[in-house]
Number of protein chains: 2
Amino acid sequence: MELEKTSKPDLKNWEKNLLQRFSQYKESGLKLDLTRGKPGTEQLDLANQMEGLLKGKMISLNGTDLRNYGGQDGIPEARKLGAEILGLSESEVICQDNSSLTLMYLYMLHAYYHGSQGPDTAWNSQGEVKFLAPVPGYDRHFAICEELGISMINVNMLDDGPDMDAVENLVRNDPMIKGMWCVPKYSNPTGCIYSEQVVDRIAALGKISGPHFRVIWDNAYGVHDLFDNPKELANVMDYCRRHGTEDNLILTASTSKITCAGAGISFLGASEKNLQHFRKRLEVMSIGPNKLNQQRHVLFLKNIEGVRAHMSRHAKILRPKFAMVQKHLEEGLGDKGMGSWHNPEGGYFVSFDSIPGLATEIIRLAGEAGVKLTPAGATYPYGKDPDDKNIRLAPTFPSVEDLDQAMQVFVTCVQLASVQSRL
Amino acid sequence: MELEKTSKPDLKNWEKNLLQRFSQYKESGLKLDLTRGKPGTEQLDLANQMEGLLKGKMISLNGTDLRNYGGQDGIPEARKLGAEILGLSESEVICQDNSSLTLMYLYMLHAYYHGSQGPDTAWNSQGEVKFLAPVPGYDRHFAICEELGISMINVNMLDDGPDMDAVENLVRNDPMIKGMWCVPKYSNPTGCIYSEQVVDRIAALGKISGPHFRVIWDNAYGVHDLFDNPKELANVMDYCRRHGTEDNLILTASTSKITCAGAGISFLGASEKNLQHFRKRLEVMSIGPNKLNQQRHVLFLKNIEGVRAHMSRHAKILRPKFAMVQKHLEEGLGDKGMGSWHNPEGGYFVSFDSIPGLATEIIRLAGEAGVKLTPAGATYPYGKDPDDKNIRLAPTFPSVEDLDQAMQVFVTCVQLASVQSRL
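Residues numbered from 1 in each chain as written. Chains lettered and ligands numbered in written order. Predicted model: local features only at pLDDT ≥ 70, side-chain atom pairs only at ≥ 80, totals over all residues. Heavy atoms only, no water.

1. A few points about the interface of chain A and chain B
Tallying the contact residues gives 54 residues for chain A and 54 residues for chain B. Note on chain A versus chain B: buried area summed over both sides is about 4,400 Å², and carbon and sulfur give 51% of it. Among the residues chain A hides against chain B, the three largest losses belong to Glu51, Arg67 and Tyr69 of chain A. Together they make up 19% of the total. A salt bridge links Glu51 of chain B to Arg296 of chain A; the shortest N-O distance between them is 2.7 Å. Seen at the junction of chain A and chain B, the total is 30 residue pairs in polar contact (both at pLDDT 80 or more). (Contact = heavy atoms within 4.5 Å. Buried area = accessible area lost by both parts, 1.4 Å probe. Salt bridge = Lys/Arg side-chain N within 4 Å of Asp/Glu carboxyl O. Polar contact = N/O pair within 3.5 Å; in protein donor to acceptor, adjacent residues only side chain to side chain.)

Okay, here's the thing in structure tokens:
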């Protein structure tokens, strides 16, 4: 039954049925949570064998005692692994502790206050700094900008990446736009993969904006495919090399959602010139990362093939969860004109857009019925979704059974809010 | 033979003998290093059993899955351990990853740019910020100030801690002095322990300076005693509570020189009010520390008694090394008027003061003879020792045999530079 074509009396009836179902959920005392983009227990179990791997292997092949101080860049073996994940050469990658969020934060902080390539290049000495935020996007990126007082400009996320016409136009007309957030593969939360054309255009932005512009390429889900033979993301550094914009690019990744969340290792990739400057900043705050944890990861994952084999075990656990979300969305909302959603082939989220103006109400209703959803607006800078429509669903942590229940509640709440909005 | 009382001809002869010995060292192709304040291999071996301890123990007693995200403050068990080490209550301590240097850096950074208790309290909004630097001191403290553009004012380190008459006088007359570095036990490099009176006077500084002043109490060597029944350091937070200056104090410690250097866990202690503000800053850059490494440490060290038992095993390894340094200093320089030195009862360093003006030359000579020493001036802000006299010796990493050789060379170089300075 399509919402738009339903008569008032039929809508009334529909509402009555929905309210009945809704009270049943409320009374059943559910306590479910779709907010957390974190791995489930089964996924974490996949890496339990890491513990103990280091026995007798705390001296690296080149003779470095991994238990002692030193090695600001991380151990060569871990840098190599990061380079394979990010599509760079080893000299373009440093490996640090958990997490890539910390590395992005530190990079932004230093670019802002201390300069990405020396004090003369500090963003905050040039005026009011702005950053492009493809929306919906990742709240923790936005929080970094808020912390530093960098204002954000929304750019719409399309199916093949950010709206590049809008991006180029903005960058061309405002030299105080100093960069842009990107989650290029299985974008958080829409799950899209940036097309080759978009990657090329992003790589070319440095030619428009100049040397202080930084694309923060947060490749958090680069190996987090749900299916075999996944779509490939174009290698952005290759495009930058063609455009001569290598210095405009900062890449990050981590093993937080490969091995253990919070106990992984992180990678920052950049031109050697950028790394040389960033390294000097890192040296002030640290004598070097935890090399033992890096070695543990290298022994466990070995190389990119090892990573892919490991991720296929994750995928096996995650496929039924993502399928459960889609099943309920299609069955409950497929022909009703009550919103749209993505069906991602990887990553950690499903992005749902309600009828404009209803996201807050849907989330409130779901909460009342015992299903916690990410707060409305969380996927937008300053927590403000101008259309109040985007809801980020995180299906990785709950069990398939819990998801089955939670999604029934969710669909009911979407239907209820949608029907009520027409009455 | 005392230098001052030696005649010119005797000095000439002395020089000749010393030059002969010096060339022998040069020719023997030594390659020794007394610069590195890092644990020796035997010390690191003491913690090898940590690896593997987590098997089957990755869920904490309160049910937290330590492999997953979350827990910004660190796990309760690790906070408790840190509280015991720092002499605080658990609610006054957070536990983070390696290292305490990083925590000090972040605290200083946020106090400077973002405010220790909200944006209104940011140091850099108040004018040109200054910090007190007891000298000789720790170069990495000074590097943090340099990075942030905080100017440093030298204060002499006496046998019972910083010269508090000078400190109080400076703080009383300059409101832009916003804090002071302290290594209160086995001070780096002099090895002194702050007396109870000094601790009391430091705790009272907040009453002179006001609410934005911060004592950075880097208790890096709090449990690093060489001998049984060591002198106790007074509990500075207790004194702060008496003076009502709890908010003026930031304490740090880590296990870097207890378990593994670079793969340890770190602690920051502060009033709950200070922690509440600092935590908000940390939340922007991290979803939480590596809880697995914290659990590993708790399982291995257990509690403060476990730490002390472990440190006594370190002491057994280190005593002969420190004794070897003292032996050569006493035998070679004991009655010669060529400098003075400390005989610390813990920590990682021996501080030597040459005749003023000779440190650079002694270090140069030692380098020529194959013994690397910490660069002259390293223990002073901006690398400038106004008297060019302090040399920091680090005896923990080399073997006793290497120390025996290196100290022979060192003593010869001190004698040679001293004799030549009188010719």
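Moving on from the model shown.
2. A look at the packing of aromatic side chains
Enumeration over the complete set of coordinates arrives at 17 aromatic pairs over all chains. Plain terms: the ring middles of Tyr112 of chain A and Tyr113 of chain A are 4.9 Å apart, the flat faces sit at 80° to each other, and that makes the pair edge-to-face. The exposure class of Tyr112 of chain A is buried, given its relative accessible area of 12%. Plain terms: the ring middles of Tyr194 of chain B and Trp217 of chain B are 5.7 Å apart, the flat faces sit at 90° to each other, and that makes the pair edge-to-face. (Phe/Tyr/Trp six-rings, centres within 6.5 Å; stacked < 30°, edge-to-face > 60°. Buried < 20%, exposed > 50% of the residue type's maximum accessible area, 1.4 Å probe, protein only.)

3. Focus: the relation of the copies chain A and chain B
Turning chain A through 180° and shifting it by 0.0 Å along the axis lays it on chain B, with an RMSD of 0.0 Å. Taken together, the rotation and translation describe the operation of a two-fold axis. The position closest to the rotation axis in chain A is occupied by the C-alpha of Gly52 of chain A, lying 1.9 Å away. The residues that chain A uses at the interface reappear at the interface of chain B in 100% of cases, marking a shared surface. (Least-squares fit on C-alpha atoms with pLDDT ≥ 70 in both.)

4. Some words on the environment of Gly334 of chain B
Residue and element names in this part refer to chain B. Turning to its location among the elements, Gly334 is positioned in the loop between helix 12 (304–333) and strand 10 (339–341). Classification of Gly334 as partly exposed rests on a relative accessible area of 49%. The sequence separation of Gly334 and Glu2 amounts to 332 residues, and the corresponding C-alpha distance is 9.3 Å. Once residues within four sequence positions are removed from consideration, Gly334 is found in contact with Leu329 and Trp341. (Helix = DSSP H or I, 4+ residues; strand = E, 2+ residues; numbered from the N terminus.)

5. Thoughts on the domain arrangement of chain A
All names here are of chain A. The domain architecture assigned to chain A consists of domain 1 (3–43 + 309–421) and domain 2 (60–302). Computed over C-alpha atoms only, the centres of domain 1 and domain 2 are separated by 31 Å. Carbon and sulfur atoms supply 63% of the area that domain 1 and domain 2 bury against each other, a total of about 2,500 Å² over both sides. If you look at where domain 1 meets domain 2, you find 1 salt bridge. Every element with two or more residues in the side of domain 1 that touches domain 2 is listed here: helix 12 (304–333), strand 11 (350–354) and strand 13 (390–393). Examining the composition of the side of domain 1 that touches domain 2, we find that 7 residues originate from one element, helix 12, more than from any other. Of the residues assigned to the side of domain 1 that touches domain 2, the class counts are 14 nonpolar, 9 polar and 3 charged. (Domains from an automatic or database assignment. Nonpolar A, V, L, I, M, F, W, Y, C, P; charged D, E, K, R; others polar.)

6. A closer look at the sheet that holds strand 6 (residues 177–182) of chain A
Residue and element names in this part refer to chain A. Pairing is mixed in the open sheet, where 8 strands are placed in the order 2-9-8-7-6-3-4-5. On the outer flanks of this sheet lie strand 2 (93–97) and strand 5 (161–162), each paired with one strand and no other. Sheet analysis places strand 3 (residues 130–135) next to strand 4 (residues 151–158), joined by 6 bridges and oriented parallel. Note on strand 4: the bridge partner recorded for Phe131 is Met152. (Pairing = 2+ DSSP bridges.)

7. Here we look at the sheet that holds strand 10 (residues 339–341) of chain A
Residues and elements named next belong to chain A. Strands sit in the order 10-11-13 across an open sheet of 3 strands; the sheet is antiparallel. Strands with a single pairing partner mark the edges of an open sheet, and in this sheet they are strand 10 and strand 13. Taking the axes of each pair of neighbouring strands and ignoring which way they run, one obtains an average angle of 20° across the sheet. Bridge analysis of strand 10 against strand 11 gives 3 bridges, and the strand direction is antiparallel. For Trp341, the partnering residue across the bridge sits in strand 11 and is Phe352. Where helix 12 meets the sheet, it contacts strand 10, strand 11 and strand 13, and its direction lies at approximately 20° from that of strand 11. (Axes fitted to C-alpha atoms, helices over the stretch in contact; angles between N-to-C directions.)

8. Here we look at the side chain of Asn390 of chain B
Residue and element names in this part refer to chain B. Relative to the assigned elements, Asn390 resides in strand 13 (residues 390–393). A distance of 2.9 Å separates the side chain of Asn390 from the side chain of Ser351, its partner in a polar contact. Excluding anything up to four places from it in sequence, Asn390 contacts Pro136, Pro189, Ser351, Phe352, Asp353, Ala359, Thr379, Tyr380 and Asp385.

9. Thoughts on the side chain of Asn293 of chain B
Among the structural elements, Asn293 of chain B can be located in helix 11 (residues 291–301). Asn293 of chain B gets classed as buried once you look at its relative accessible area, which sits at 6%. If we skip the residues at most four places from it in the chain, Asn293 of chain B touches Asn290 of chain A together with Ala263, Gly264 and Ile265 of chain B.

10. So, the packing of helix 7 (residues 196–203) of chain B against helix 9 (residues 236–243) of chain B
Geometrically, a packed helix pair is captured by the angle between its two axes and the distance between the axes. Residue and element names in this part refer to chain B. Relative orientation of the contacting elements helix 7 and helix 9 amounts to 50°, with a least axis distance of 8 Å. Judged by the inter-axis angle, helix 7 sits oblique to helix 9. For helix 7 against helix 9, the interelement crossing comes out right-handed. Every residue of helix 9 that contacts helix 7 at Glu196, Val199, Asp200 and Ala203 is listed here: Val236, Tyr239, Cys240 and His243. Grouping the constituent residues of the contact of helix 7 with helix 9 by class yields 5 nonpolar, 1 polar and 2 charged. (Parallel < 35°, antiparallel > 145°, perpendicular 65-115°, else oblique. Left-handed = near helix turned anticlockwise from the far one by under 90°.)

11. A closer look at the pattern of salt bridges
If you walk through the whole model with that rule in mind, you get 48 salt bridges over all chains. For Arg79 of chain B, the salt bridge identified is with Asp73 of chain B, shortest N-O distance 3.6 Å. Among the residues examined, Arg79 of chain B registers a relative accessible area of 13% and is labelled buried. The structure contains a network of salt bridges with shared partners spanning Lys26, Glu361, Arg364 and Glu368 of chain A.

12. Quick look at the confidence of the model for chain A
Residues with a pLDDT of 70 or more make up 100% of chain A, whose mean pLDDT is 97. In the predicted complex, the global pTM is 0.97; the interface-specific ipTM is 0.97. (pLDDT = per-residue confidence, 0-100.)

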